[in-house]
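Read off the chains here:
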Amino acid sequence: MCPLSPCFLPVSLSAYIKQTISEFAPHVMAVAMSNFSEEGRLYFNLTTKEGHQFTVEQSSQGFQVVGYSLNAKDVVGQPIYETPAALLNTVSLEYTRAFASQLIYKLEALAEDQFILSLTSCRLVSE
């Protein structure tokens, strides 16, 4: 293999879902891998801040609620969402509020940093 060619490390679906879970875990009451999985599909249990429980399937198509309790696959035909955020926005108002609050906080911090930077980089021109 050419040393200049890009090195692509295979990423398992399991590692990917663990990373995905860590991104939205602060905005829900609980989230963890489910007890079961299938070829090309992984499942996680989700409890929203409102206390609603779901089993969510993650596949190459996206994220889909497959159960209205933990470790359940008793629901079919639910919409498939491209991201966990899109799914959570439809099932949890508190997720939407928590995510929006975090975004506002980060934007305010960025604005403050930019303001401080503008003050420290000002040059006074003497006449």
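Please refer to the structure placed before this passage.
Keep in mind the model is a prediction, meaning the values are calculated, not measured. (Residues numbered from 1 in each chain as written. Predicted model: local features only at pLDDT ≥ 70, side-chain atom pairs only at ≥ 80, totals over all residues. Heavy atoms only, no water.)

K.L.:
Could you clarify how one ought to interpret the overall build of the chain in this entry?
P.N.:
Within the chain one finds three helices and four strands. Listing each helix as α and each strand as β along the chain from the N terminus yields α-β-β-β-β-α-α. Out of the 127 residues belonging to the chain, those deemed buried represent 28%. For the chain, the accessible surface area stands at approximately 8,900 Å², while carbon and sulfur atoms represent 59% of it. (Helix = DSSP H or I, 4+ residues; strand = E, 2+ residues; numbered from the N terminus. Buried < 20%, exposed > 50% of the residue type's maximum accessible area, 1.4 Å probe, protein only. Areas by Shrake-Rupley, 256 points an atom, 1.4 Å probe, with all protein chains shown as cover.)

K.L.:
Please explain the sheet that holds strand S2 (residues 41–47) as it appears in this structure.
P.N.:
To summarise the sheet geometry, strands pair through backbone hydrogen bonds and adopt either a parallel or an antiparallel arrangement. On the basis of which strands lie adjacent, the open sheet formed by four strands has the order S1-S2-S3-S4 and antiparallel pairing. Two strands lie at the open edges of the sheet, namely strand S1 (30–38) and strand S4 (62–67), each paired on one side alone. In this sheet, adjacent strand axes meet at a mean angle of 30 degrees when their direction is disregarded. Sheet topology places S1 next to S2; six bridges connect them, and they run antiparallel. Bridge assignment links Val31 to a residue of S2, and that residue is Leu46. The strands that helix H2 (residues 84–91) touches are S2, strand S3 (53–59) and S4; relative to S4, the one it contacts most, it runs at about 40 degrees. (Pairing = 2+ DSSP bridges. Axes fitted to C-alpha atoms, helices over the stretch in contact; angles between N-to-C directions. Contact = heavy atoms within 4.5 Å.)

K.L.:
How should the environment of Glu23 be read in this particular structure?
P.N.:
Mapped onto the elements, Glu23 comes out in helix H1 (residues 13–24). Residue Glu23 is classed as exposed on the basis of its relative accessible area, which comes to 53%. Taking the C-alpha atoms as reference points, Glu23 and Pro84, 61 residues apart in sequence, are found 9.3 Å from one another.

K.L.:
Could you clarify how one ought to interpret a nonpolar patch on the surface in this entry?
P.N.:
A cluster of nonpolar side chains, contributed by Phe99, Leu103, Leu107 and Leu110, occupies part of the molecular surface with about 370 Å² of accessible area. Its place among the elements puts Leu107 in helix H3 (residues 93–120). (Patch = residues over 30% accessible without salt bridge, like charges linked within 9 Å, V, L, I, M, F, W, Y side chains within 5 Å. Salt bridge = Lys/Arg side-chain N within 4 Å of Asp/Glu carboxyl O.)

Spatial relationships are all this shows, so hold off on functional conclusions.
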